[in-house]
Amino acid sequence: MPNTKFHLGYFTKFGKPTWALDSRKSVGENWPDGSYHIDLAKKLEAAKLDFILFEDTTVVADKFGGSMEMDLKHAVLAPKNDPLPLLPLMAYETSNIGLISTASTTFYEPFVLARLFSTLDSLTGGRVGWNIVTSSEINAAKNLGLDSLPPHAERYSIADEYVELAIKLWESWEEGALVADEKTGVYIDHTKVHTVDHVGEHFSCRGPLNSLRSPQTVPFLSQAGASDRGRGFAAKNAEMVIGLTAGGIEGMKEYRKDIRARAESMGRNPDDIKVIYLANGLHFTGSEPVVDEATSKRLEQAAFEYAVTMAASTMDVDFSQYDMDGPMDQNMTGGGHTSALDFVKQAGAQGATLRQVFSNGGRAEGGLDLTGTPEEVAEKMVDAMNEVGGDGILLEGGDLAADIDVITDEFVPALQRLGAVRTEYTGRTLRENMLEF
Ligand SMILES: Cc1cc2nc3c(=O)[nH]c(=O)nc-3n(C[C@H](O)[C@H](O)[C@H](O)COP(=O)(O)O)c2cc1C
């Protein structure tokens, strides 16, 4: 049987790569001017990756211990630039790779976001994607004059209406509205441009958009719902949904089956929603430089602090108040990424301490083992995708930034030799490439 063919993405942020996670700290020193990520996009396109995906948040995190120290010391969430202006710079230097950025439904007005992404879709020639998040950091709300965020489930209800409105705006220009007829002197056929007159529970908007219909019309829609409500939102709206590998093969299968069943029950073709798994445990043996014992200890401690700071912010739990080395408190609760917290607690129930879980990069036991030479990791990944059935892997770039040449020159070619990932781009747009298989 041929191997399951799957999509490959690279997950990153418009921030400093590798600072706490690798001894090669000089990687991407020039990140603020964009040149590091432009170069990265060129390399990933040469290796024929489907897309690069930028996460985004707007806080300097202080959930861990109520202080910004750990976040800033290890460059975990901050400093970070806005990825949206970076996308067209990357597009200008590339031709095929998809460029996906996160943007929050809580912080942009639908009209502003729709216009922004329509513009980006034109600037990238139809290669833009929107990773839809609803945001969970209270400090992000406070930056915008809000006292609090709506509760989790309500954020998704608002986001449902938000996406519906944004799509109305993107479609407010019919195909063929641009006539540019020199004989009649008509540039746009006004009968093909319509107001949207949206009046809903959360938004009202007259429309139409004042931008031309863009190459994809609607940017490729990505999302990472994990909770019941989040999965419902993803199954309704997303074309790509990002799951975790922490639950191992069985957890991955369950997630894909559930997302596909939900999509089908809403009248969608389940093959139109691609399930991509974040591979955050990937490690190429033999590629890292040999360091002395003191440096190795320091790096281990930094990686632990990085993981626990990131987890505190995304799971909305101040882990500093719990015993790091004793039995794990099963009553920990948070308002953030609840299923990720569940994986931590499951590891605790099996005897792991918080220090052990976070020293392991926040990865629970039972997740995918993706350690080895590039060829070995490729084989393990292909085996996993064959079992799960698809549809893709998102490489956690934070762990891998210093290994970019290993990825592009050894690992991806090994996947290509196994017939598991693309060797050429066939589509013109990101959506066409993502729907190819
Ligand atoms: C790979 C991945 C990337 C994510 N990127 C962001 C991001 O950039 N900004 C953000 O606020 N949330 C981000 N999230 C959080 C998700 O949007 C979502 O809230 C989370 O997966 C929990 O799901 P839930 O909202 O259904 O509980 C990301 C999650 C994953 C798995």
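About the criteria used
- Residues numbered from 1 in each chain as written.
- Predicted model: local features only at pLDDT ≥ 70, side-chain atom pairs only at ≥ 80, totals over all residues.
- Heavy atoms only, no water.
- UniProt positions renumbered as here; feature names shortened; annotations may be inferred.
- Patch = residues over 30% accessible without salt bridge, like charges linked within 9 Å, V, L, I, M, F, W, Y side chains within 5 Å.
- Areas by Shrake-Rupley, 256 points an atom, 1.4 Å probe, with all protein chains shown as cover.
- Salt bridge = Lys/Arg side-chain N within 4 Å of Asp/Glu carboxyl O.
- Helix = DSSP H or I, 4+ residues; strand = E, 2+ residues; numbered from the N terminus.
- Buried < 20%, exposed > 50% of the residue type's maximum accessible area, 1.4 Å probe, protein only.
- Lys, Arg positive; Asp, Glu negative; His and termini not counted.
- Charge placed at Lys NZ, Arg CZ, Asp CG, Glu CD.
- Core = buried A, V, L, I, M, F, W, Y, C linked by side-chain atoms within 4.5 Å.
- Contact = heavy atoms within 4.5 Å.

Going by the annotation in an unreviewed UniProt entry, the name recorded for the protein chain is LLM class flavin-dependent oxidoreductase, with Gordonia terrae given as the source organism. UniProt, in its Sequence similarities (unreviewed entry) section for the protein chain, records the words "Belongs to the NtaA/SnaA/DszA monooxygenase family."

## Here we look at a nonpolar patch on the surface
A surface patch of nonpolar side chains, amounting to about 240 Å² of accessible area, comprises V60, M68 and L72. Here M68 lies in the loop between β2 (51-54) and α2 (69-73). The exposure class of M68 is partly exposed, given its relative accessible area of 44%.

## Describing a negative patch on the surface
Negative charge collects at one region of the surface, where E375, E376, E379, D383, E387, D409 and E410 lie side by side. Counting only elements with at least two residues in the negative patch, the list comes to α12 (374-388) and α14 (404-417). Element by element, the count of residues in the negative patch is highest for α12, at five residues. Note that D409 resides in helix α14.

## Re the nonpolar core
Core analysis: the largest hydrophobic core is formed by 87 residues, its most contacted members being F6, Y10, W130, L282, L395 and F411. Top contributing element to this core by residue count: helix α6 (residues 152-170), with nine residues. When neighbours within four sequence positions are excluded, F6 is seen to be in contact with M381, V382, M385, D391, G392, I393, L415, A420, V421 and F437. Counting 21 residues, the second largest nonpolar core, distinct from the first, contains M324, M328, V344 and F358.

## Points about the environment of S287
Along the chain, S287 falls in the loop between β12 (283-284) and α9 (293-315). For S287 and N3, which are 284 residues apart along the polypeptide, the C-alpha to C-alpha distance reads 27 Å. Those residues within four positions of S287 in sequence are excluded, and the remaining contacts are R24, D403 and V406.

## Digging into the UniProt feature "binding site: FMN" (unreviewed entry) in the protein chain
The UniProt record annotates "binding site: FMN" (unreviewed entry) at D56, T102, H152, Y156 and S227. Looking at where H152 falls in the secondary structure, it is placed in helix α6. Here S227 is to be found in the loop between β9 (220-223) and α7 (228-237). Judged by its relative accessible area of 17%, S227 is buried. In contact with S227, not counting residues within four places along its chain, are H152, Y156 and T338.

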